[in-house]
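The chain contents come next:
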Amino acid sequence: MRAGPIGLGALILVALGALAAPAGACGGLVGENGTIQLVRTTTLAAYHDGVERYVTSFEFTGEGAEVGSIVPLPGVPTKVERGGDWTLQRLTREVAPPLLASTVGAPRAAAADAEVLLTAKIDALDITILRGGGDAVGKWAIEHGFLLTPDAPEVLDFYAQRSPVFMAARFDASRAAELDQQRGDGTPIMLTIPTDEPWVPLRILGLGLDATQDVSADVFLLTPDRPQLLAGGSGLSLARSEQASQGLLDDLRSDKGMGWVPSDLWLSYLRLDTPARDLDYDLAISTHDGSEPSAIAAGLDASSVVRRVTGGSPAWPVGVGVLAIGVVVVALVTVPKLVRRAARQTS
Amino acid sequence: MTRVRYRAWALAAVWVVASGITAAYAFASSAADDGGAEVLGPGNVTVTLDIEHSRFEPARIVVRQHSDVTFRVVNHDPIAHEFIVGDDEVHARHEAGTHGQHGALPGEVSVAPGKTATTTFPFHTPGTVLFACHLPGHFAYGMVGDVVVRPGR
């Protein structure tokens, strides 16, 4: 049985820590016919005084049909607006000459209705901020014409257990036509998100992909100081970690809506290259002295650990065998003595 | 006399040990083959299959031949699934097909998000019969299990 109206895609990013944090990523969108198209998405997340500013760009695929994405968020946005026109491109240019990479450090909700917290129309994009468990958000997506891939229930639950806030974004093809948007045109958006514990969702980037498909992403972080990073798996490497140049910060600050960029930031640039089957983790970030990144925020929750070590054959038959051996050993020691004692008494 | 009795006890002990180890190994091997599943049937049998995160639980069911199994399929996911049990031809047809809602044929049923559906299918021949969901991408994702049909006693 083939199904499906619109495609709901997957993915994107979020994050971070102490002032501005950018992240660029590749995401999968589910097309109307169920096929996955890799579409490059670039993201910037900024954190300052407990407020994260998150900038990403959605690329119009020009398929003529509506496609969309779901993005897990670390908190409830207070504002959704159009992002700067070239902020993301400037960040990409900043890291264009790649340096030597080094591997980064370490290593169910109720099915009630999702709560719509915020809606916004930005160019041809319809943005909806949702709060709810994985089932509730999945139900909302289905009811609004998204096609969820079979891995979606698990992935939505994975994020909802940590933060039940999601952003659903969908292109309106007719509005895109009215705006004369062409295939490949991007629409930047910026979210303002108060949060105490920033993280960058990576697992969502593999949503809907075949296990062997590669996920490639660029993750930019801008923080007040050098951040501590914890990735929940392999495949993520730190390509740049340095004080952000004044030229970069001045350029970013001069873009539309980017006046909040401070004069002193640390730039981290990470590259993600891994098969979708191995991408079951996120990137946790700490920008506080003496505070380690959260293992839970990196996707290393206790339940997943338990899940990996359970299963296999029941152990009790082996225990019975060991017990039988013990009984026999005791018998071998005591019975001859009893026999000899009985023999002595009869003689 | 004492030495003879001692030997008898020793032989008995060895026999007990060997029997215990053999029995434990045989049970563990058998349990592993069946995924630890209880052998059901023959006759009318009802099995509840839970679907969560696009997986069947349990993924293996063991029945005696000449069992009529009623599958009660509970979909805990927010997305639609289906339950198809049958031979290779049935699965090939559904994996490539463009079927609508299921429910008319034994062993084929669609399950809406958060809903429960039932279907009954007979198992008369010893062997292994697959069950799966053939919505786009679901089989490849791992929505598959099997029914092991054991010879009648």
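These numbers come from a predicted model, not from an experiment. (Residues numbered from 1 in each chain as written. Chains lettered and ligands numbered in written order. Predicted model: local features only at pLDDT ≥ 70, side-chain atom pairs only at ≥ 80, totals over all residues.)

### Looking at the overall build of chain B
1) Next: For chain B, the count of helices and strands is 3 helices and 10 strands.
2) Next: Within the span of chain B, comprising 153 residues, buried residues form 28% of the whole. (Helix = DSSP H or I, 4+ residues; strand = E, 2+ residues; numbered from the N terminus. Buried ≥ 20, exposed ≤ 12 C-beta atoms within 10 Å, placed from the backbone.)

### A few points about the sheet that holds strand 14 (residues 228-231) of chain A
What links the strands of a sheet is backbone hydrogen bonding, and the strands pair in either a parallel or an antiparallel sense.
1) Next: On the basis of which strands lie adjacent, the open sheet formed by 3 strands has the order 12-17-14 (chain A) and antiparallel pairing. Only two strands of the sheet have a single partner each, and these edge strands are strand 12 (199-200) and strand 14 of chain A. (Pairing = 2+ DSSP bridges.)

### Brief notes about the confidence of the model for chain B
1) Next: Per-residue pLDDT for chain B averages 83, and the proportion of residues at 70 or more is 72%.
2) Next: For this predicted complex, the interface confidence score (ipTM) comes to 0.72, while the overall pTM stands at 0.70. (pLDDT = per-residue confidence, 0-100.)

### Topic: the environment of Val45(B)
Residue and element names in this part refer to chain B.
1) Next: Tracing the backbone through its elements, the reader meets valine 45 in strand 2 (residues 43-52).
2) Next: With 25 residues separating them in the primary sequence, valine 45 and threonine 70 have C-alpha atoms 6.1 Å apart.
3) Next: Not counting residues up to four positions away in its chain, the partners in contact with valine 45 are Leu40, Val63, Ser67, Asp68 and Val69. (Contact = placed C-beta atoms within 7 Å.)

### Considering the confidence of the model for chain A
All names here are of chain A.
1) Next: Per-residue pLDDT for chain A averages 72, and the proportion of residues at 70 or more is 70%.
2) Next: By mean pLDDT, strand 2 (residues 20-30) is the weakest element of chain A at 29, and helix 5 (residues 246-253) is the strongest at 93.
3) Next: Contacts for the low-pLDDT stretch residues 1-38, under 50 throughout, to residues beyond four places or in other chains number 198 contacts.
4) Next: This stretch, residues 302-319, has a pLDDT under 50; its non-local contacts, to residues over four places away or in other chains, come to 11 contacts.

### So, helix 3 (residues 152-160) of chain A
1) Next: Within helix 3 of chain A, 8 of the 9 residues are buried, leaving the element largely enclosed by the surrounding structure.
2) Next: Inspection of helix 3 of chain A places Ala152(A), Pro153(A), Val155(A), Leu156(A), Asp157(A), Phe158(A), Tyr159(A) and Ala160(A) among the buried residues, and these make up the whole buried set.

### Quick notes on the packing of helix 2 (residues 134-143) of chain A against helix 3 of chain A
Residues and elements named next belong to chain A.
1) Next: Axis separation between helix 2 and helix 3 bottoms out at 8 Å; the angle between their running directions is 130 degrees. Comparing their axes, helix 3 and helix 2 come out oblique. Helix-helix and strand crossings are classified by hand; for helix 2 and helix 3 the assignment is right-handed. In this structure, helix 2 uses Gly134, Val137 and Gly138 to contact helix 3, whose residues at the interface are Ala152, Pro153, Leu156, Asp157 and Ala160.
2) Next: Grouping the constituent residues of the contact of helix 2 with helix 3 by class yields 5 nonpolar, 2 polar and 1 charged. (Axes fitted to C-alpha atoms, helices over the stretch in contact; angles between N-to-C directions. Parallel < 35°, antiparallel > 145°, perpendicular 65-115°, else oblique. Left-handed = near helix turned anticlockwise from the far one by under 90°. Nonpolar A, V, L, I, M, F, W, Y, C, P; charged D, E, K, R; others polar.)

### Concerning the pairing of strand 5 (residues 67-75) of chain B
All names here are of chain B.
1) Next: Burial along strand 5 is one-sided: the residues Ser67, Val69, Phe71, Val73 and Asn75 are buried and none of Asp68, Thr70, Arg72 and Val74 is.
2) Next: The pairing of strand 2 with strand 5 spans 9 bridges and is parallel. Across the sheet, valine 45 pairs through a bridge with valine 69, a residue of strand 5.
3) Next: Sheet topology places strand 5 next to strand 8 (residues 116-123); 8 bridges connect them, and they run antiparallel. Across the sheet, residue valine 73 finds its bridge partner in strand 8, namely alanine 117.

### Thoughts on the sheet that holds strand 4 (residues 60-64) of chain B
Residues and elements named next belong to chain B.
1) Next: Taken in spatial order, the 6 strands make up an open sheet running 1-4-10-9-6-7, and their pairing is mixed. This sheet does not close on itself; its edge strands, each paired only once, are strand 1 (39-40) and strand 7 (108-111).
2) Next: For strand 6 (residues 81-86) and strand 9 (residues 127-132), the ladder comprises 3 bridges, and the chain directions are antiparallel. Across the sheet, residue valine 85 finds its bridge partner in strand 9, namely phenylalanine 131.
3) Next: On the sheet, helix 2 (residues 88-96) packs against strand 6 and strand 9 and is oriented at approximately 150 degrees with respect to strand 6.

### Some words on the nonpolar core
1) Next: By size, the foremost hydrophobic cluster in this structure holds 107 residues, and its most contacted members are Val137(A), Phe166(A), Leu283(A) and Phe83(B).
2) Next: Setting aside residues no more than four positions away along its own chain, Phe166(A) makes contact with Ile70(A), Val71(A), Pro72(A), Leu73(A), Leu130(A) and Val137(A). (Core = buried A, V, L, I, M, F, W, Y, C linked by C-beta atoms within 7 Å.)

### Some details on the environment of Met190(A)
1) Next: Within the secondary structure, Met190(A) is located in strand 11 (residues 186-194).
2) Next: Beyond its immediate chain neighbours, meaning those up to four positions away, Met190(A) contacts Arg53(A), Tyr54(A), Val55(A), Glu81(A), Gly83(A) and Gly257(A).

### A short note on the environment of Gly233(A)
Residue and element names in this part refer to chain A.
1) Next: By the element assignment, glycine 233 lies in the loop between strand 14 and strand 15 (236-243).
2) Next: Since 19 C-beta atoms lie within 10 Å of it, glycine 233 is described here as partly exposed.
3) Next: C-alpha separation for the pair glycine 233 and alanine 342, spaced 109 residues apart in sequence, amounts to 68 Å.

### Comments concerning unusual backbone geometry
1) Next: A cis amide bond links Glu57(B) with the next residue in sequence, Pro58(B), at an omega value of 0 degrees.
2) Next: Here Pro58(B) shows up in the loop between strand 3 (55-57) and strand 4.
3) Next: Positioned with a positive phi, Asp123(A) is a non-glycine residue whose angle comes to about 55 degrees.
4) Next: The exposure class of Asp123(A) is partly exposed, given the 18 C-beta atoms found within 10 Å.
5) Next: With a phi angle near 55 degrees, His53(B) is a residue other than glycine that sits in the positive phi range.

### Overview of the pairing of strand 10 (residues 165-171) of chain A
Residues and elements named next belong to chain A.
1) Next: Within strand 10, 7 of the 7 residues are buried, which leaves the element mostly enclosed by the surrounding structure.
2) Next: Alternating positions in strand 10 separate into two faces, Val165, Met167, Ala169 and Phe171 on one and Phe166, Ala168 and Arg170 on the other, with burial throughout.
3) Next: Relative to strand 10, strand 9 (residues 125-131) runs antiparallel, the two sharing 7 bridges. Following the sheet pairing, leucine 130 is matched in strand 10 by phenylalanine 166.

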